[in-house]
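Fold and contact review
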Amino acid sequence: MEPFTFDYENLHARVDRGVFELFNLDSSAHTFRVPLRWLGVSLHYKKPDRPGTLYFGVVRDPQAALYNTDRLALRYSTSPAFQVPPGDEPLFRAYLTEVARLADRPAV
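In short, a report on the structure. Note that the structure is predicted; figures quoted are calculated from it, not measured.

Focus on the pattern of salt bridges
- Overall, the coordinates contain four salt bridges when judged by the stated rule.
- Between E89 and R93 there is a salt bridge whose closest N-O contact spans 3.1 Å. Residue E89 and its partner R93 are both found in helix α1 (residues 89-102); the two are separated by four residues, about one turn of the helix.
- Under the relative-accessibility criterion, R93 is labelled partly exposed at 30%.

Structural data, given as structure tokens:
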């Protein structure tokens with residue numbers, strides 16, 4: 001199976017052989033790699049008309065939702081975060097819903 005990828009501005013995400021990798025193309029310091037079964041992604045908007053913060057992390061329970069993971073279920077010690085405008089959220093939702101399907105996990 002070919003890697004399943006997603007590109008958005010300076011971000012490149014890839015699922016390959018059960019591993020999720022996230023690359024910030026502006027800086028190698030923000031590379032994130034985790035087994036797919038432990039991936040959790042949470043999107044938090046403080047105000048509806050402002051960009052939200054998308055957090056990538058490791059879940060405490062591998063049965064938790066992969067996308068829109070409860071923020072309390074994520075471990076944040078090494079989690080990268082990115083700003084996402086409200087109009088671009090459907091792009092991330094579509095990709096991460098398919099990633100959740102590959103991982104046999106829910107996406108909320």
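Re empty space enclosed by the protein
- Applying the stated criterion across every chain, the model contains one cavity of 30 Å³ or more.
- Taken as a whole, the largest cavity holds about 40 Å³ of empty space.
- In this structure, the largest cavity is lined by F6, L11, H12, A13, L22, F56, F92, Y95 and L96.
- Sorting the residues of the lining of the largest cavity by element identifies β2 (11-16) and α1 as the ones contributing at least two each.
- Tallied by class, the residues present in the lining of the largest cavity amount to eight nonpolar, one polar and no charged.

Some thoughts on the packing of aromatic side chains
- Scanning all chains against the criterion turns up six aromatic pairs.
- Arranged with centres 5.0 Å apart and planes meeting at 20 degrees, the rings of F6 and Y95 form a pair that is stacked. Here Y95 lies in helix α1 and F6 lies in strand β1 (residues 4-8), a separation of 89 residues in the sequence. Taken as a pair, F6 and Y95 share a single burial class, namely buried.
- Ring geometry for F20 against F56: centres 5.8 Å apart, planes inclined by 15 degrees, an arrangement best described as stacked. Placement of F20 in strand β3 (residues 19-24) and of F56 in strand β6 (residues 52-59) is noted, with a sequence separation of 36 residues between them.
- Taking relative accessible area as the criterion, F20 reaches 0% and is therefore assigned buried.
- By relative accessible area, F56 is classed as buried at 3%.
- Among the aromatic residues, ring-to-ring pairing joins F4, F6, Y8, F92 and Y95 into one connected group.

Calculation notes
- Per-chain numbering applies: the sequence of each chain, read as written, is numbered from 1 onward.
- It should be noted that, the model being predicted, local features are given only for residues of pLDDT at least 70 and side-chain atom pairs only at 80 or more, the latter also being counted only at that level, while totals for whole chains, interfaces and linings use all residues.
- Only hydrogens and water are removed before side-chain values are computed, so all heavy atoms of the structure are retained for them.
- Only one rule defines a salt bridge in this text: a Lys or Arg side-chain nitrogen within 4 Å of an Asp or Glu carboxyl oxygen.
- Here a helix means four or more residues in a row that DSSP labels H or I, a strand means two or more in a row labelled E, and each is numbered from the N terminus.
- Only protein chains enter the area calculation, which uses a 1.4 Å probe; residues under 20% of their type maximum are buried, those over 50% are exposed, and those in between are partly exposed.
- The definitions used throughout rest on a 1 Å grid laid over the protein atoms alone, on which a cavity is an enclosed set of points accommodating a 1.4 Å probe that cannot get out and a pocket is an open set flanked by protein within 12 Å on both sides along at least five of seven lines; lining residues are those having an atom within 4 Å of a point.
- Grid points are joined across faces, edges and corners, and a volume is the space filled by probe spheres set on the points.
- Residues are grouped as follows: Ala, Val, Leu, Ile, Met, Phe, Trp, Tyr, Cys and Pro are nonpolar; Asp, Glu, Lys and Arg are charged; all remaining types, including Gly, are polar.
- Aromatic contacts are taken between Phe, Tyr and Trp rings whose centres are within 6.5 Å, Trp giving its six-membered ring; a plane angle under 30 degrees counts as stacked, one over 60 as edge-to-face, and the others as tilted.

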